[in-house]
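Analysis of the macromolecular model
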Amino acid sequence: REPLLRVRNLVKEFPIRAGVFRRQVGAVQAVSDVSFDLYPQETLGVVGESGCGKSTLGRSLLRLIEPTSGDVLFGDEDVTEASKSRLRELRRDLQMVFQDPYASLNPRLPIRDIIGEPMRIHGVGRTESRQRVGDLLKRVGLLPEHGNRYPHEFSGGQRQRIGIARSLALRPKVIVLDEPVSALDVSIQAQVLNLLDEIQDEFDLSFIFIAHDLSVVRHTSDRVAVMYLGRLAEVADRDSLYDAPAHPYTASLLSAVPVADPRRERSRKRIILQGDVPSPSNPPSGCRFHPRCPIAQDRCKTETPVLTDVSPTQQVACHFPLLNGEPLLTRIQDMGR
Ligand code: SF4
Ligand code: MG
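Predicted model only: the values in this text are computed from it and were never measured. Residue numbering note: each chain is counted from 1, following its sequence as written. Chains and ligands are labelled sequentially in the order written, the chains with letters from A and the ligands with numbers from 1. Local features in this predicted model are restricted to residues whose pLDDT is 70 or higher, and side-chain atom pairs enter the listing and the counts only when it is 80 or higher, whereas totals over whole chains, interfaces and linings include all residues.

Note on geometry: axes are C-alpha line fits, over the in-contact stretch for helices, and angles between N-to-C directions span 0 to 180 degrees. Helix and strand definitions here come from DSSP, where helices need a minimum of 4 consecutive H or I residues and strands a minimum of 2 consecutive E residues; each element is numbered from the N-terminal end. At a minimum axis separation of 10 Å, helix H4 (residues 111-121) and helix H5 (residues 126-139) run at an interaxial angle of 130°. It follows that H4 is oblique to H5 by the angle criterion. Of the two possible hands of crossing, H4 and H5 adopt the one that is right-handed. Along its contact with H4, which presents Arg 112, Ile 115, Gly 116, Met 119 and Arg 120, the element H5 presents Ser 129, Arg 132, Val 133 and Leu 136. Each angle is binned into one of four classes, with values under 35 degrees roughly parallel, values over 145 roughly antiparallel, values of 65 to 115 roughly perpendicular, and all other values oblique. A clockwise turn of the near helix away from the far one marks a right-handed crossing, whereas an anticlockwise turn of less than a right angle marks a left-handed crossing. This entry defines residue contacts through backbone-placed C-beta atoms, with two residues in contact when those atoms are within 7 Å.

This is the structure:
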């Protein structure tokens with residue numbers, strides 16, 4: 001299988017400015033050397049705590065913010081090299097759905113215009129556009145009449161359906177979903193997740209599904225990438241990641257996710273990490289996770305681990321990965337910590 005999107009060594013830096021002249025005194029690397037592939041019709045979950053750079057990654061991929069360096073190859077084309085007009089064309093194929101549907105919908109426009117806007121920009125005729133807006137509204141579970149109403153007249157879940165309809169208007173191939181259900185009530189979340197699942201099959205879509213914890217993407221992702229302080233810690237197919245996490249950070253995150261089986265729930269030991277996530281403006285040397293890693297060794301303070309295959313379906317950035325399903329707790333106990 002050929003990847004649809006190949007991300008290579010992507011970096012996004014934000015300048016740090018200080019003083020009356022706002023001179024640049026440093027930089028925050030919010031996304032640091034990130035590489036991964038996205039396959040046709042697959043969902044790749046991207047998970048990490050707030051501030052880990054996952055939203056910045058999502059926006060950089062589509063150049064809603066400009067990446068500092070690296071490549072985003074869509075087919076044979078490097079999105080990072082595309083001219084403004086070419087980028088507008090590429091947006092047909094590459095779309096985004098935001099966490100807060102209210103903030104991303106223009107409050108002064110009726111829904112019909114909000115969903116129709118991408119089509120207007122891309123020169124879709126009025127009659128066809130009108131037809132498509134009606135179809136899209138129906139497809140996401142609303143009524144064509146809703147097109148005349150304004151965003152504030154809808155609930156959070158309905159607004160997210162509108163955001164999804166807009167993202168589909170140009171029949172894209174890839175949609176970056178930035179925490180699409182985090183702002184919604186739990187009872188509504190499942191409905192929106194089901195809708196996403198249905199449209200993925202129907203429209204042949206690939207999703208990059210950004211989430212802040214591993215439980216949200218468990219049932220929706222084919223593969224999962226775990227991010228820590230701007231870097232990928234682990235990328236694996238879903239079963240490997242949840243059953244046999246290789247990175248200590250993934251293992252500790254998973255230890256906090258409730259499991260359905262009550263026997264396993266009882267025997268489960270939650271691993272609580274020491275300290276807070278360090279500031280991305282001054283990341284730790286070597287492995288960025290080393291100050292909090294329960295199995296860190298001297299080497300981890302100086303040498304940055306790179307993402308390496310530990311099996312055909314699992315890559316991990318760790319000098320001492322957990323292999324063959326070895327529990328993190330066993331390793332901690334073996335080390336006498
Ligand atoms: Fe822990 Fe070292 Fe692996 Fe980093 S490289 S996760 S500090 S064991
Ligand atoms: Mg480039």
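A separate point is the sheet that holds strand S2 (residues 23-38). In a beta sheet, neighbouring strands are held together by backbone hydrogen bonds and run either parallel or antiparallel to one another. Criterion used throughout: strands pair if DSSP finds at least two bridges between them. Pairing is antiparallel across the open sheet formed by 4 strands, whose spatial order is S2-S1-S4-S5. Two strands bound the open sheet, and with one partner strand each, they are S2 and strand S5 (77-78). Bridge count for strand S1 (residues 5-18) against strand S4 (residues 69-74) is 5 bridges, and the pairing is antiparallel. Paired with Arg 6 across the two strands is Leu 73, which belongs to S4. Of the strands in this sheet, S1, S2 and S4 touch helix H1 (residues 54-61), which is tilted by about 75° from S2.

This part covers the site of ligand 1. Around ligand 1 lies a shell formed by Pro 248, Cys 287, Phe 289, His 290, Cys 293, Ile 295, Ala 296, Cys 300, Pro 305, Cys 318, His 319 and Phe 320. Here the nonpolar group is Ala, Val, Leu, Ile, Met, Phe, Trp, Tyr, Cys and Pro; Asp, Glu, Lys and Arg are the charged ones; every other residue, Gly included, is treated as polar. A breakdown of the residues in the shell around ligand 1 according to their chemical character gives 10 nonpolar, 2 polar and no charged. Nearness is defined per residue: the C-beta atom, placed using the backbone, must lie within 6 Å of the molecule or strand.

So, on to the UniProt feature "domain: ABC transporter" (unreviewed entry) in the protein. UniProt positions are given in the numbering used here, feature names are shortened, and annotations may be inferred rather than shown by experiment. Here the UniProt-annotated "domain: ABC transporter" (unreviewed entry) positions come out as residues 5-254. Counting secondary structure, residues 5-254 comes out at 37% helix and 28% strand; the distance between its end C-alpha atoms is 28 Å.

Across the 6 residues that make up strand S8 (residues 206-211), a large majority, 6, are buried. Because side chains alternate across S8, one face comprises the buried residues Ser 206, Ile 208 and Ile 210, and the other comprises Phe 207, Phe 209 and Ala 211, equally buried. Both strand S3 (residues 43-47) and S8 contribute to a ladder of 5 bridges, which runs parallel. In the sheet register, Val 46 faces S8, and the bridge partner there is Ile 210. Put simply, a residue is buried when 20 or more other C-beta atoms lie within 10 Å of its own C-beta and exposed when 12 or fewer do; between those, it is partly exposed, and each C-beta is set from the backbone.

Another aspect to go through is unusual backbone geometry. The backbone of Arg 22 shows a phi angle near 50°, a positive value even though the residue is not glycine. Relative to the helices and strands, Arg 22 is located in the loop between S1 and S2. We classify Arg 22 as exposed; it has 9 C-beta atoms within 10 Å.

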